[in-house]
Amino acid sequence: MPPSTFTSHSPLHLAVIMDGNGRWATERGLPRSAGHTAGAEAVRRIVTAAPGAGIGTLSLYAFSADNWRRPEQEVDGLFTLFQSYLADELELLRQNGVRLTIIGRTDRLPLALRSAIRIAERGTAAGRRLHLRIAIDYSSRDALVGAANLVRGRPVDRHRLARLIGEADRGGTAPEVDLLIRTGGERRLSDFLLWESAYAELWFTDKRWPDFGETDLAAALAEFRGRDRRFGALPEPSNATQLRRAGGTR
Ligand code: FPP
């Protein structure tokens, strides 16, 4: 890993909606598949930069449950690309302490991809520097429905529901998303990590995903760290005033 150019804080959960591969390719007179291939390079860059940038969990949206509506050729091409990525990156992920988990349904995926997923998940299970979660055939609403079906009459609170969502999307309990980045100019969540992003800061860029790099990540994180995250409370100075009024010592 290159030395960090970022300040360190407690590990963040960064979620990324990687959009704009197709337009990146079309703008260059290339087939859409070339955009996805270039997108895989951007994934490599961000996964490499993430631990040094203070990120402990990185969730990447690679294929939504609604993406099945794309032409079969594109869908097949994406699955082949995911499979190559998993096989090609396995050793590097392991060396870099990255634990990889696929979130979403796997039962509709081609057998070869399922097998690559199994090998990559088992092979990286000991990774502790970064938890990389790649969403494939993923729908946040389906994960919530899946969690509701696991409730089985027992009362739920937020913690239990979060655990059940992790069971339903097969990713285990994830920390709440701190920052959600969407590239490619659109400004929507597209059924990604809806529960987990309840208090996420949102950061949008027009940049196409294949052009996204370490500098963009640093810019997003710098803006994130400058934001006042109040989680429904009052801004810090008013908090202090209230504490003083209440006889607090802070
Ligand atoms: C959305 O952009 C992107 C996808 C549906 C695919 C995401 C896949 C990758 C980034 C490839 C590599 C991923 C991994 C995990 C190795 P779009 O193609 O819909 O872009 P458009 O809106 O410009 O058409």
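How each quantity is defined
- Residues numbered from 1 in each chain as written.
- Predicted model: local features only at pLDDT ≥ 70, side-chain atom pairs only at ≥ 80, totals over all residues.
- Heavy atoms only, no water.
- Helix = DSSP H or I, 4+ residues; strand = E, 2+ residues; numbered from the N terminus.
- Contact = heavy atoms within 4.5 Å.
- 1 Å grid on protein atoms, 1.4 Å probe; cavity = no way out; pocket = protein on both sides within 12 Å on 5 of 7 lines; lining within 4 Å.
- Points joined across faces, edges and corners; volume = space filled by probe spheres on them.
- Nonpolar A, V, L, I, M, F, W, Y, C, P; charged D, E, K, R; others polar.
- Pairing = 2+ DSSP bridges.
- Axes fitted to C-alpha atoms, helices over the stretch in contact; angles between N-to-C directions.
- Salt bridge = Lys/Arg side-chain N within 4 Å of Asp/Glu carboxyl O.
- Buried < 20%, exposed > 50% of the residue type's maximum accessible area, 1.4 Å probe, protein only.
- Core = buried A, V, L, I, M, F, W, Y, C linked by side-chain atoms within 4.5 Å.
- pLDDT = per-residue confidence, 0-100.
- Phe/Tyr/Trp six-rings, centres within 6.5 Å; stacked < 30°, edge-to-face > 60°.

### What about the side chain of Thr-57?
Within the secondary structure layout, Thr-57 lies in strand β2 (residues 55-64). Dropping the residues within four chain positions of it, Thr-57 is found in contact with Leu-12, His-13, Leu-14, Leu-130, His-131, Arg-133 and Pro-175.

### What about the layout of surface pockets?
Estimates place the volume of the largest pocket at around 700 Å³. Looking at the largest pocket, it is lined by 33 residues, and the ones nearest its centre are Met-18, Asn-21, Tyr-61, Ala-62 and Asn-67. Among the elements of the structure, α1 (21-26), α2 (32-49), β2, α3 (72-95) and β4 (130-138) are those that each provide at least two residues to the lining of the largest pocket. Across the lining of the largest pocket, the residue classes tally to 17 nonpolar, eight polar and eight charged. Computed from the structure, the second largest pocket encloses a volume of approximately 370 Å³. Looking at the second largest pocket, it is lined by 17 residues, and the ones nearest its centre are Arg-158, Ala-162, Glu-176, Trp-195 and Glu-196. A total of six residues in the lining of the second largest pocket trace back to one element, the largest contributor, which is helix α6 (residues 158-168). Here the residues of the lining of the second largest pocket are counted per class, giving seven nonpolar, four polar and six charged.

### Re the sheet that holds strand β5 (residues 179-182)
Strand order in the open sheet formed by six strands is β3-β4-β2-β1-β5-β6, with parallel pairing between adjacent strands. Looking along the sheet, the strands with just one partner apiece sit at the ends: β3 (98-103) and β6 (201-204). Mean inter-strand twist for the sheet, computed between neighbouring axes without regard to direction, equals 20°. Here β2 pairs with β4 via seven bridges, running parallel.

### Considering the pattern of salt bridges
Scanning all chains against the criterion turns up 21 salt bridges. Across the pair Arg-23 and Asp-19 runs a salt bridge whose closest N-O atoms are separated by 3.6 Å. What makes Arg-23 partly exposed here is its relative accessible area of 29%. We note a salt bridge from Arg-32 to Glu-74, for which the minimum N-O separation is 2.9 Å. Of the two residues, Arg-32 is situated in helix α2 and Glu-74 in helix α3; the sequence distance between them amounts to 42 residues. A relative accessible area of 35% places Arg-32 in the partly exposed class.

### Considering the nonpolar core
Judged by nonpolar contacts, the single largest core of 45 residues is most densely connected at Val-47, Ile-55, Leu-58, Leu-132, Ile-136, Ile-181 and Leu-217. In terms of residues, this core owes the most to one element, α3, which gives eight residues. Look past the residues within four positions of Ile-55 in its chain and what remains in contact with it is Leu-12, Leu-14, Ala-50, Arg-129, Leu-130, Leu-217 and Leu-221. Within the second largest apolar cluster, 11 residues are counted, among which are Ala-15, Ile-17, Ala-135 and Ala-200.

### Some details on the confidence of the model for the chain
Averaged over every residue, the pLDDT of the chain is 92; the share at 70 or more is 91%. Counting contacts from residues 240-250, a segment whose pLDDT is below 50, to residues more than four positions away or on other chains yields six contacts.

### Considerations on the packing of aromatic side chains
Each pair of aromatic rings is reported with the distance of its centres and the angle of its planes. The tally for this structure, following the rule as stated, stands at nine aromatic pairs. Summarising the aromatic geometry, the rings of Trp-68 and Phe-79 are spaced 5.4 Å apart at their centres and angled 65° between planes, so their arrangement reads as edge-to-face. With Trp-68 in the loop between β2 and α3 and Phe-79 in helix α3, this residue pair connects regions lying 11 residues apart in the sequence. A residue is classified by how much of its surface remains accessible, and Trp-68, at 30% relative accessible area, is partly exposed. Between the aromatic rings of Phe-79 and Phe-82, the centroid separation amounts to 6.3 Å while the plane-to-plane angle is 50°, which identifies the pairing as tilted. Highlighted residues: Phe-79 and Phe-82, both in helix α3, separated by three residues, approximately one helical turn. As far as the burial class goes, Phe-79 and Phe-82 line up, both buried. Here the aromatic residues Phe-63, Trp-68, Phe-79 and Phe-82 are joined through ring pairs into a cluster of three or more.

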